[in-house]
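Understanding the architecture of this molecule
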Amino acid sequence: MGDQVLKKIVPRINELAHKAKTEGLTEVEKVERAELRKKYVARFRENFKNQIELMKVYDKKGKEVTPKKVRKIQRKKGLRDD
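Let's shift gears to the overall build of the protein. Of regular secondary structure, the protein possesses three helices and zero strands. Its helices and strands in sequence order give the protein the pattern α-α-α, from N to C terminus. Taken over C-alpha atoms, the radius of gyration comes to 19 Å for the protein, far larger than the 12 Å a tight globule of 82 residues would show. Principal axes of the C-alpha set define a box for the protein whose edges measure 55 × 25 × 20 Å. Among the 82 residues that make up the protein, the fraction classed as buried is 17%.

Below is the structure:
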């Protein structure tokens, strides 16, 4: 993962998950875990959306079949000339 935010929060999420399984979490740690998970999911969705928006889809014959909605977004972002 090249995302610096994810590189920082994933180890902490894993630490809290391990602690939750072994000895349990305090209320403060439960709140922290919930906030970190929320940040992680938001960042994951953002990265996934960006990947989809950059993608072009082709059929077996080589014809582009990228969905119209994605093409429109790509044009709006200046990623397409057509």
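This part is about the nonpolar core. One finds Leu6, Ile9, Val10, Ile13, Leu16, Leu25 and Leu36 forming the largest nonpolar core, which totals seven residues. Sorting elements by how many residues they give to this core places helix 1 (residues 4-22) first, with five residues. Dropping the residues within four chain positions of it, Leu36 is found in contact with Ile9, Arg12, Ile13 and Leu16.

This part covers the confidence of the model for the protein. Confidence in the prediction of the protein, expressed as mean pLDDT, is 92, and 98% of residues score 70 or more. Averaged over each element, pLDDT in the protein is lowest for helix 3 (residues 68-76) (92) and highest for helix 2 (residues 27-54) (94).

Right, let's get into helix 1. For helix 1, which comprises 19 residues, the first-to-last C-alpha distance of 28 Å matches the rise-based estimate of 27 Å (1.5 Å per residue) to within 8%. Turning to helix 1, its buried residues number three or more, namely Leu6, Ile9, Val10, Ile13 and Leu16. Just past helix 1, the residue Gly24 takes up positive phi, approximately 95 degrees.

Definitions and cut-offs
Residues numbered from 1 in each chain as written. Predicted model: local features only at pLDDT ≥ 70, side-chain atom pairs only at ≥ 80, totals over all residues. Heavy atoms only, no water. Helix = DSSP H or I, 4+ residues; strand = E, 2+ residues; numbered from the N terminus. Rg over C-alpha atoms; globule rule 2.2 N^0.38 Å. Buried < 20%, exposed > 50% of the residue type's maximum accessible area, 1.4 Å probe, protein only. Core = buried A, V, L, I, M, F, W, Y, C linked by side-chain atoms within 4.5 Å. Contact = heavy atoms within 4.5 Å. pLDDT = per-residue confidence, 0-100. Expected span 1.5 Å × (residues − 1).

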